[in-house]
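Notes for the structure review
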Amino acid sequence: MDRWGAEGMEEPRREPVSERAVMDQLESQLEPLFKDLPNEVPLLLFTRPGKNDILASAARFLIRAIREVSPKITLREFDLSHKLARQWSIDRSPTLLIDPDRYRIRWLGAPVGEEARTFVEALLMVGHRKSGMGEESLRVLNKVDTERDIKVFVSPSCPYCPQQAVNALKAVVEKPESLSLEIIDIQANPDLADQYSAQSVPQTYANDLLIAQGAQAEELFVLSLQKLEQQTVFIPDIDAEEVEADLVVVGGGPAGLTAGIYAARSGLRAVVVEKGALGGQVATTPVVENYPGLTQVGGKTLVDLMVTHALEYAKIFQSEEVMDIQPGDPIVVTTNRRRFLSRAVLLATGATYRHLDVPGESRLSGHGVSYCSTCDGPLFKGRKVIIVGGGNSAVTEALHLHNIGVGVTLVHRRDSLRAQEHLAKSVFSNNIPVLFNTEVKEIRGKDRVQEVLLHDNRTEKTQTLPVDGVFVAVGYAPAVELAKKIGVELTPEGYIKHDDRHRTNIPGIYAAGDVEGGYKQIVTATGQGAEASMAIFEDLVHPYWKTRKVAE
Ligand SMILES: Cc1cc2nc3c(=O)[nH]c(=O)nc-3n(C[C@H](O)[C@H](O)[C@H](O)COP(=O)(O)OP(=O)(O)OC[C@H]3O[C@@H](n4cnc5c(N)ncnc54)[C@H](O)[C@@H]3O)c2cc1C
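Structure report, in brief. Predicted model, so just to flag it, every value in this text is computed and none were measured. (Residues numbered from 1 in each chain as written. Predicted model: local features only at pLDDT ≥ 70, side-chain atom pairs only at ≥ 80, totals over all residues. Heavy atoms only, no water.)

We now examine the overall build of the chain. For the chain, the helix and strand inventory stands at 16 helices and 28 strands. A compact globule built from 552 residues should have a C-alpha radius of gyration of about 24 Å, and the chain, at 25 Å, falls within 12% of that. Along the first, second and third principal axes, the C-alpha atoms of the chain reach 80 × 60 × 50 Å. Taking all 552 residues of the chain together, the buried fraction comes to 56%. Sequence separation of at least 24 residues holds for 68% of the intrachain contacts in the chain that already meet a minimum separation of 6. Accessible area for the chain stands at about 24200 Å²; split by element, carbon and sulfur atoms hold 50% of it. (Helix = DSSP H or I, 4+ residues; strand = E, 2+ residues; numbered from the N terminus. Rg over C-alpha atoms; globule rule 2.2 N^0.38 Å. Buried < 20%, exposed > 50% of the residue type's maximum accessible area, 1.4 Å probe, protein only. Contact = heavy atoms within 4.5 Å. Areas by Shrake-Rupley, 256 points an atom, 1.4 Å probe, with all protein chains shown as cover.)

Pasting the structure below:
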């Protein structure tokens, strides 16, 4: 009998030999994290044979690997008909409870894919009884004086989701008496996602009120939780912590990560500051086929390789947005958490997706309108969607959605696709319908997308098409707001103006990657990041601004 007075089945600690190799690899990664876990973490898994069996097996597999490296993790499994399931009102398979005597943390689905990272974080927080939440966030969290039931909708293929789920976990570990959390995998629970119209992930609710769409910085999450509505600005109460550096890289995409590696290898104290998911646009790219040395690699896998490499050298500050830069000596870089006093700054802020700017788009964003097929695609399995666009991104995303069983139609305003030839050919060989010369004029639906109004720009006829989702892939615009704010000059096309050493018009401030314009590719971004760092190193040794005027 365990301490729940239940006779739940104790999971065997060994697995079949065929799984051993994968298990060995997993264990070697988990071992250093779990070896000194001070407290027990009891896990209760509720399943029902025939209901999401694959997910239940995946959950068991991961938990088994963790138990191999830490005796503090225990697992008991129960059928949904067990009295404990009734006691805790559990009716979904699989459902995981994490240390239910102490915390109200419930996982609906299995912690697979990107969510495995969140799960590991959860076990570490619970096992250490420490959330690692920052002081500023704690100050706000302590103002929450009534109960909050938090729901975070996630998907295993969403690289942004762990950030938001971890924010919520930290809050619940800090305030177990008044906060409860459900992490809901939309693939295992499409009906719940439907009920909440949560058609993009991550999406966060507290007491059934939508408090966040997308991943937030920790401080913004707790502020949204406290105020019960999405917050976009956080002003710290106290003077921000100061960090000295030689180079602050703004942006953790391929350009910024490479710059961090090169700068640190030159002996500079380099930090990379990233407001969202590390890897930038690559984090949400389904497949990359033109990165030398890797014939075909998932965008997220490539990002993981780059981040692991960068972490060997540079310090990375994730979930921090650079809000302001004051040029000078030192250059003062202010984020939503702290200030950096630096000798140089590299703007590697990349690009962000363009909107269609049609009626209904922003209202239904997150409720059927999506800009990330990797994140939100699984929700539309077996449903009908359109992808708007005709370039490489639109075509790559159309193929990705088609492959995971979504009924895709490509809508393009021109008479031919702009995507590379082999990509365009794949669209036709996969029989993906394409509506050429067609523009989306309106996206309609009450609380979720129901239809689009299409206009044929040759015949001038309009028609409505019933759809469940609209994926927008009409290109990217350079992320230059910060550059503009501090007086960095732009080109007529809107990119950062720079010389051949990546210097901008402001001494000590440089640019690299998509934000510079040119061929916007991963290899070009990494190349520019490397070049910029080498130029910065030389400039810091021989500051050009002290000897001559800045290049026009
Ligand atoms: C769907 C898709 C498919 C693609 N496929 C390919 C492909 O197959 N091959 C290829 O070579 N290229 C591909 N690309 C292009 C490639 O991803 C980009 O060229 C590359 O990511 C540019 O890297 P970057 O570092 O300059 O910018 P980004 O990748 O855009 O990264 C910039 C980072 O800066 C961060 N940031 C911005 N402002 C701030 C701030 N104020 N504070 C902190 N952080 C900030 C952003 O959050 C972001 O993470 C694809 C792009 C897309 C969208």
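Moving on, we come to the state of the cysteines. Scanning the entire structure with this criterion turns up 2 disulfides. Here Cys372 is linked by a disulfide to Cys375, with a sulfur-sulfur distance of 2.3 Å. Every disulfide takes its handedness from the sign of the S-S torsion; for Cys372 and Cys375 that torsion is 70°, giving right-handed. Neither Cys372 nor Cys375 differs from the other in exposure class; each is buried. (Disulfide = S-S within 2.5 Å.)

Attention now moves to the sheet that holds strand β20 (residues 384-388). In spatial order, the strands read β19-β26-β20-β21-β22; together these 5 strands make up an open sheet with parallel pairing. Edge strands, defined here as strands with exactly one partner in the open sheet, are β19 (369-370) and β22 (434-435). Examined bridge by bridge, β19 and strand β26 (residues 469-472) share 2 bridges and lie parallel to one another. Across the sheet, Ser370 pairs through a bridge with Phe471, a residue of β26. (Pairing = 2+ DSSP bridges.)

This part covers the sheet that holds strand β25 (residues 462-466). One open sheet accounts for 3 strands, arranged β23-β24-β25; its pairing is antiparallel. The open sheet terminates on both sides in strands that have one partner only, identified here as β23 (438-444) and β25. Averaged over all adjacent pairs, the angle separating strand axes in this sheet is 30°, with direction ignored. Bridge count for strand β24 (residues 451-456) against β25 is 5 bridges, and the pairing is antiparallel. (Axes fitted to C-alpha atoms, helices over the stretch in contact; angles between N-to-C directions.)

Side chains Ile105 and Trp107 project from strand β5 (residues 105-108) onto one buried face, and the interleaved Arg106 and Leu108 project onto a second face that is buried too. Summarising the sheet, strand β4 (residues 95-98) and β5 pair through 4 bridges and their orientation is antiparallel. In the sheet register, Ile98 faces β5, and the bridge partner there is Ile105. Here β4 folds back onto β5 in antiparallel fashion, the turn holding 6 residues, of which Asp99 has a positive phi close to 45°. In terms of strand pairing, β5 meets strand β7 (residues 179-185) through 4 bridges, oriented parallel. Counterpart to Ile105 in the pairing with β7 is Leu181.

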